[in-house]
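# Per-entry structural report
Each chain, letter by letter, is given below.
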Amino acid sequence: MKILHLDTNHPLLIKQLNELGFQNHQEYTALKKDIETIISNYDGIIIRSRFTIDKTFLDAAKNLKFIGRVGAGLENIDCDYAEKKGVILISAPEGNSNAVGEHTLALLLSLFNKLNKADSEIRVGKWLREDNRGLELDGKTVGIIGYGNMGKAFAKKLRGFDVDVLCYDIKANVGDKNAKQVSLATFQEQVDVVSLHTPQTELTKKMVNSKFIHAFNKSFWLLNTARGKSVVTNDLVSALKTGKILGAGLDVLEYEKASFENLFKNNDENMPEAFRYLIQAQNVILTPHVAGWTVESKEKLAQTIVDKIKAIPKLRNC
């Protein structure tokens, strides 16, 4: 079988696939339209997020048997159409779930203890102890929306704290010893912290909007290490201004796919007002979609893809 690698990944991926007898070719720079002219020569694709694999691409990939996505989600692939064509879809949420769990906890503790604010003040000669008095996590109720690999990893990290952990998921019976599954109404009544761990789907796009936010009984802290388009930034900022949302830790942003760097060009003319507020707010922490982006997870993600390919007889016996 011939595999086309469209993104760079940990070297073990190609090394181990070579050892399994696959032919591995790399094409990291060609345009999507150029890839479409050669993709019929390949049985498999390995990709991260370089471009969308849509119907046109899949129709050109006449001999495609599988797509391996070195990441947690499959939102850059037309999954329904791929499955109709008999293409096996492989992702690797197990590979970076621990990294996401640790990063989410880091965001939460940094917000509660004002670490970024205090650090930046000390660097310019401000020693403001009372202004940087923090909050303790113990005694709080942490709510997790989306209780799959990522949500479970975060809940596991919370086991060392005296907190109640609730989860809400559209799937039934996903709760475990680390989180009690509840209805959305109960979730919105009780939680102090909301952490998103959902994939990007039609159900989750713009999920956190004004109506959703104001359905919560308490003011709360928001964490998003999932997908940026799940949160309506304008509504988030409005809630931050009123205090309905007490602070936010955002590893992902609504603006990511709109060429994030361009927001800072032309003297901020391109910068949305809501984003301008976020980058100035002291109760907001921003990171560049790196929650699952650790030295260890790079290797784990690659190994997970190899292991899943090895476990599929249809692929191993070709």
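The paragraphs below set out a description of the structure included in this document. (Residues numbered from 1 in each chain as written. Predicted model: local features only at pLDDT ≥ 70, side-chain atom pairs only at ≥ 80, totals over all residues. Heavy atoms only, no water.)

### Focus: the packing of aromatic side chains
In the structure shown here, the tally under the stated rule is 7 aromatic pairs. Ring geometry for phenylalanine 112 against tryptophan 221: centres 5.1 Å apart, planes inclined by 55°, an arrangement best described as tilted. With phenylalanine 112 in helix α5 (residues 93-113) and tryptophan 221 in strand β10 (residues 220-224), the pair connects residues that are 109 residues apart, well separated along the chain. Residue classification places phenylalanine 112 among the buried positions, given a relative accessible area of 2%. Between phenylalanine 212 and phenylalanine 216, the aromatic rings sit 5.3 Å apart at their centres with planes inclined by 70°, giving edge-to-face as the arrangement. Both residues of the pair, phenylalanine 212 and phenylalanine 216, count as buried. (Phe/Tyr/Trp six-rings, centres within 6.5 Å; stacked < 30°, edge-to-face > 60°. Helix = DSSP H or I, 4+ residues; strand = E, 2+ residues; numbered from the N terminus. Buried < 20%, exposed > 50% of the residue type's maximum accessible area, 1.4 Å probe, protein only.)

### Quick notes on the packing of α5 against helix α12 (residues 295-310)
With their axes 7 Å apart at the nearest point, α5 and α12 run at an angle of 155° to one another. Put simply, α5 runs roughly antiparallel to α12. Side by side, α5 and α12 meet where Pro93, Glu94, Gly95, Asn96, Asn98 and Ala99 of the first sit next to Ser297, Lys300, Leu301, Thr304 and Lys308 of the second. Partitioned by chemical class, the residues of the contact of α5 with α12 number 3 nonpolar, 5 polar and 3 charged. (Axes fitted to C-alpha atoms, helices over the stretch in contact; angles between N-to-C directions. Parallel < 35°, antiparallel > 145°, perpendicular 65-115°, else oblique. Contact = heavy atoms within 4.5 Å. Nonpolar A, V, L, I, M, F, W, Y, C, P; charged D, E, K, R; others polar.)

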